[in-house]
Amino acid sequence: MTEPQTRAPRAAVPSLPARARDVLTFEWTKLRSVRSTHWSLLIAAIFAIGYSAVAAVVYTTTPRPTGAAAATVNPLLVSFAGLLYAVLAVGVLGVLSFSSEYATGLIRTTFAAVPRRLAVLAAKAAVTGTVALTAGELLSFASFFLAQAILSGHRLGISLSRPGVPGAVLAAGFLLFVCAMVGLGLGTIIRHTAGAVAALFGLIYLPAILYISLPPPWNARIGRFTLTISGTQVIALHPHNGLFSPAVSMLVIITWTAATLLAAALLITRRDA
Amino acid sequence: MIEVEQLSKRFGPVTAVDGLSFTVRSGHVTGFLGPNGAGKTTTMRVILGLDAPTSGTALVGGRRYQQIIRPLHEVGSLLDATALHGGRTAWFHLLSIAQSNGIGRRRVTQVLQLTGLDAVARRRIKGFSLGMKQRLGIAAALLGDPPVLMFDEPVNGLDAEGVQAIRQLFKSLAAEGRTVFVSSHLMSEMAQTADHLIVIGRGRLLADTPTGRFTESSARADVLLRSPRAGEFARLLAAHGAAVRAEGDGGLAVTGMDAPAIADLAARHGIAVHELVPRPASLEQAYLDLTGDSTDYRAGKPAREGTPGQ
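Residues numbered from 1 in each chain as written. Chains lettered and ligands numbered in written order. Predicted model: local features only at pLDDT ≥ 70, side-chain atom pairs only at ≥ 80, totals over all residues.

Focus: the overall build of chain B
Right, on to step 1. When helices and strands are tallied, chain B shows nine helices and 14 strands.
Right, on to step 2. For chain B, the spread of C-alpha atoms along the principal axes amounts to about 75 × 40 × 35 Å.
Right, on to step 3. For chain B, buried positions account for 46% of its 310 residues.
Right, on to step 4. Considering only contacts within chain B whose residues lie at least 6 apart along the sequence, 72% involve residues at least 24 apart. (Helix = DSSP H or I, 4+ residues; strand = E, 2+ residues; numbered from the N terminus. Buried ≥ 20, exposed ≤ 12 C-beta atoms within 10 Å, placed from the backbone. Contact = placed C-beta atoms within 7 Å.)

See the structure below:
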């Protein structure tokens with residue numbers, strides 16, 4: 001097709017790093033300029049630190065098991081009591097990343113600005129993921145130190161230098177990142193905030209209910225393939241024998257995350273915006 | 001320049017766009033007209049790469065939209081002015097879009113001033129009126145200073161002053177040599193803004209013509225005739241192939257023959273004519289004629305009245 005008009009001189013094609021910076025700053029500016037981001041993180045912080053502190057205080061006042069049962073006591077778990085709820089707040093942050101754009105229609109502005117949809121998904125994952133991982137590790141270590149400070153006053157604390165402890169604290173922070181990524185994937189797939197949050201709730205809490213209600217050993221045999229039970233395994237001081245090892249459990253967690261994001265990537269490129 | 005070629009888009013059993021072809025040229029405001037549900041928005045979405053066409057192509061500046069890197073420098077668009085995150089300020093909304101295409105902060109300030117939003121830039125969009133949201137959308141479309149601009153129903157819900165301002169803006173953008181493609185379901189709106197019209201109905205092209213010649217495609221243009229020998233002249237006109245319809249007040253509405261031919265015929269037969277008035281159909285009427293028939297869209301013979309001058 002001939003085009004008689006003179007077109008405006010086109011700028012030189014920007015380099016790949018420049019284009020990556022474009023879409024990353026795009027998503028970063030969007031993320032930091034809405035209140036829901038700040039609320040999600042604040043709620044995550046209150047849950048993680050506040051609830052862990054309360055759990056630690058309660059722990060100091062309850063009678064300790066004796067004999068054989070004493071060996072399985074995990075004073076570390078007290079530190080993570082609040083993180084189980086903080087994951088939801090961060091998960092919702094991930095969900096909103098895409099679902100709020102679908103809800104408002106802003107998604108069309110986004111895709112008109114950056115037609116390469118996988119780049120948008122990747123940038124959202126990178127930006128939300130960085131925030132979630134940073135928040136996760138900060139909160140995990142903060143709740144650990146706070147809870148252990150309370151416990152150590154009663155000679156119940158556990159030191160960070162004890163084998164297995166640093167890994168468990170790091171893994172606990174990582175779980176917040178995982179939830180943000182699964183949330184992002186679900187928000188992309190389902191496109192409705194409420195639906196995606198409900199799915200996230202189900203994915204996180206149903207395995208726990210299943211684990212409690214199924215008779216052993218079936219609860220462990222099935223549970224070890226779920227996100228939640230694998231999550232408890234990677235932050236445990238004494239890994240459960242009926243489940244996968246912490247390393248394999250971590251692999252299960254990563255597989256869930258990757259699968260959700262992969263499904264999101266497949267759908268986002270095929271569906272009309 | 002926007003080139004749409006044999007474009008079709010089906011949503012399940014519904015055909016939204018059906019073999020649509022047209023070209024939108026630079027330096028003009030081109031109106032994209034059609035009743036609600038005619039397929040205007042779908043066509044625009046396909047042009048922007050938001051919806052994938054079932055068949056056919058839509059090119060902007062010779063390329064598919066998805067192939068354009070930093071597309072906001074090539075195409076500025078506003079599909080839905082209310083598609084905004086209410087919790088974000090106007091400044092951050094525009095800044096984020098600017099950053100996505102490597103556009104600097106200075107340009108953000110510029111478009112805010114250009115659309116008169118600089119005073120409210122730091123306010124959350126939630127509190128904006130529809131008119132302010134429209135201006136924000138236009139500001140976003142102008143960010144990349146693009147040669148092609150596309151607006152879907154941009155004056156919907158605007159007050160008279162806002163409509164006037166937007167018309168002026170479109171005309172000045174076209175005068176700068178840009179391609180301005182504006183959809184509407186109201187002819188009255190386009191009549192005053194667009195110098196070229198693309199009319200669709202049920203996803204098919206009905207007309208692609210300069211606005212000034214649009215009424216020619218309508219059968220409604222006629223000639224009003226008054227004569228003391230009306231009855232006799234009517235038979236004579238009919239014998240010469242014209243269609244004559246009596247109007248209530250004794251006048252005759254003649255179609256199929258223009259005023260000079262009628263006057264010549266009257267002179268040849270010595271019939272006095274007291275009034276002879278060519279009555280062009282109004283744009284509005286022509287539009288209604290074209291789109292009003294729900295079963296026959298005359299898709300087989302769209303009124304291609306040539307292309308606008310280069």
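Observations concerning the domain arrangement of chain B
Right, on to step 1. For chain B, the assigned domains read domain 1 (2-216 + 286-304) and domain 2 (222-279).
Right, on to step 2. Computed over C-alpha atoms only, the centres of domain 1 of chain B and domain 2 of chain B are separated by 45 Å. (Domains from an automatic or database assignment.)

Considering the sheet that holds strand E11 (residues 243-246) of chain B
Residues and elements named next belong to chain B.
Right, on to step 1. Spatial ordering of the open sheet is given by E11-E12-E10-E13, a layout of four strands whose pairing is antiparallel. The open sheet has two edge strands, E11 and strand E13 (275-279), and neither has a second partner. Averaged over all pairs of adjacent strands, the angle between strand axes in this sheet comes to 25°, irrespective of strand direction.
Right, on to step 2. The pairing of strand E10 (residues 222-226) with strand E12 (residues 252-255) spans three bridges and is antiparallel. Residue pairing across strands places Leu224 opposite Ala253, the latter belonging to E12. (Pairing = 2+ DSSP bridges. Axes fitted to C-alpha atoms, helices over the stretch in contact; angles between N-to-C directions.)

A closer look at the interface of chain A and chain B
Right, on to step 1. Counting residues at the interface gives 34 residues for chain A, matched by 37 residues for chain B.
Right, on to step 2. Looking at the side of chain A that touches chain B, the elements with two or more residues in it are helix H1 (16-32), helix H2 (35-61), helix H4 (83-104) and helix H5 (106-113) of chain A.
Right, on to step 3. At eight residues, H1 of chain A tops the list of elements feeding residues into the side of chain A that touches chain B.
Right, on to step 4. Looking at the side of chain A that touches chain B residue by residue, the class counts come to 17 nonpolar, nine polar and eight charged. (Nonpolar A, V, L, I, M, F, W, Y, C, P; charged D, E, K, R; others polar.)

Some thoughts on helix H10 (residues 227-234) of chain A
Residue and element names in this part refer to chain A.
Right, on to step 1. The element H10 is extensively covered by neighbouring structure, given that eight of its eight residues are classed as buried.
Right, on to step 2. Listing the buried residues of H10 in full gives Leu227, Thr228, Ile229, Ser230, Gly231, Thr232, Gln233 and Val234.
Right, on to step 3. In this fold, the buried residues of H10 make contact with helix H7 (165-190), helix H8 (193-213), helix H9 (218-223) and helix H11 (246-270).

Concerning the packing of H7 of chain A against H8 of chain A
Residues and elements named next belong to chain A.
Right, on to step 1. Running from N to C, H7 and H8 point in directions that differ by 135°, and their axes come no closer than 8 Å. Considering their axes alone, H7 and H8 lie oblique with respect to each other. The hand of the H7/H8 crossing is right-handed. For the pair formed by H7 and H8, the contact residues are Val182, Gly183, Leu186, Gly187 and Ile190 on the first element and Gly195, Ala196, Ala199, Leu200 and Leu203 on the second. (Parallel < 35°, antiparallel > 145°, perpendicular 65-115°, else oblique. Left-handed = near helix turned anticlockwise from the far one by under 90°.)

Topic: the nonpolar core
Right, on to step 1. Core analysis: the largest hydrophobic core is formed by 154 residues, its most contacted members being Leu83, Ala86, Val87, Val90 and Leu176 of chain A together with Leu94 of chain B.
Right, on to step 2. Other than its neighbours up to four places away in sequence, Leu94 of chain B contacts Val108, Val111, Leu112, Ala139, Ala140 and Leu143 of chain B.
Right, on to step 3. With nine residues, the next largest nonpolar core counts Phe233, Leu252, Val254 and Ile262 of chain B among its residues. (Core = buried A, V, L, I, M, F, W, Y, C linked by C-beta atoms within 7 Å.)

A closer look at the environment of Thr15 of chain B
Right, on to step 1. Looking at the element boundaries, Thr15 of chain B is found in strand E2 (residues 14-24).
Right, on to step 2. Sequence separation between Thr15 of chain B and Ile166 of chain B is 151 residues, and the spatial gap between their C-alpha atoms is 32 Å.

Section: the sheet that holds E2 of chain B
Residues and elements named next belong to chain B.
Right, on to step 1. The strand order E2-E1-E4 describes an open sheet built from three strands, whose pairing is antiparallel. In this open sheet, the two strands that pair with only one neighbour each are E2 and strand E4 (55-60). Across the sheet, the axes of successive neighbouring strands diverge by a mean angle of 20°, strand direction being ignored.
Right, on to step 2. Here strand E1 (residues 2-11) runs beside E4; their pairing, made up of five bridges, is antiparallel. Considered in E4, the bridge of Ile2 is made with Val60.

Overview of the pairing of strand E6 (residues 148-152) of chain B
Residue and element names in this part refer to chain B.
Right, on to step 1. Within E6, five of the five residues are buried, which leaves it mostly tucked inside the rest of the structure.
Right, on to step 2. Residues Val148, Met150 and Asp152 of E6 are buried on one face, and the alternating residues Leu149 and Phe151, pointing to the opposite face, are buried as well.
Right, on to step 3. Two strands pair when backbone bridges link them, and strand E5 (residues 75-78) and E6 are joined in this way by four bridges, in the parallel orientation. Of the residues in E6, the one forming a bridge with Leu78 is Phe151.
Right, on to step 4. Taken together, the five bridges between E6 and strand E7 (residues 179-184) define a ladder with parallel strand orientation. By the bridge assignment, Leu149 is partnered in E7 with Val180.

Observations concerning the confidence of the model for chain B
Residues and elements named next belong to chain B.
Right, on to step 1. Mean pLDDT over chain B stands at 88; residues scoring 70 or higher make up 93%.
Right, on to step 2. Within chain B, the lowest mean pLDDT, 42, falls on strand E14 (residues 303-304), and the highest, 98, falls on helix H2 (residues 90-100).
Right, on to step 3. Scored below 50 in pLDDT, residues 294-310 shows 25 contacts in the model against residues more than four places distant or in partner chains.
Right, on to step 4. Across the whole predicted complex the pTM is 0.85, and at the interface the ipTM reaches 0.89. (pLDDT = per-residue confidence, 0-100.)

A few points about the packing of H1 of chain A against helix H6 (residues 117-152) of chain A
Residue and element names in this part refer to chain A.
Right, on to step 1. For the pair H1 and H6, interaxial distance at closest approach is 9 Å and the crossing angle is 50°. On the basis of the axis angle, H1 is oblique to H6. Between H1 and H6 lies a crossing of right-handed hand. Listed contacts from H6 to Val23, Leu24, Phe26, Glu27, Trp28 and Leu31 of H1 are Ala119, Val120, Ala123, Lys124, Ala126, Val127, Thr128 and Val131.
Right, on to step 2. Class assignment of the residues belonging to the contact of H1 with H6 gives a composition of 11 nonpolar, one polar and two charged.

Some points on H2 of chain B
Right, on to step 1. Across the 11 residues of H2 of chain B, 10 count as buried, placing the element largely inside the fold.
Right, on to step 2. Three or more residues of H2 of chain B are buried, namely Ala90, Phe92, His93, Leu94, Leu95, Ser96, Ile97, Ala98, Gln99 and Ser100 of chain B.
Right, on to step 3. Elements in contact with the buried residues of H2 of chain B: H1 and H5 of chain A together with helix H3 (105-114) and helix H4 (130-142) of chain B.

Let's talk about the confidence of the model for chain A
Right, on to step 1. A residue-level look at chain A finds 92% of positions with pLDDT of 70 or above and a mean pLDDT of 89.
Right, on to step 2. Taking the mean pLDDT of every element in chain A, the minimum, 82, falls on helix H3 (residues 75-79) of chain A and the maximum, 97, on H5 of chain A.

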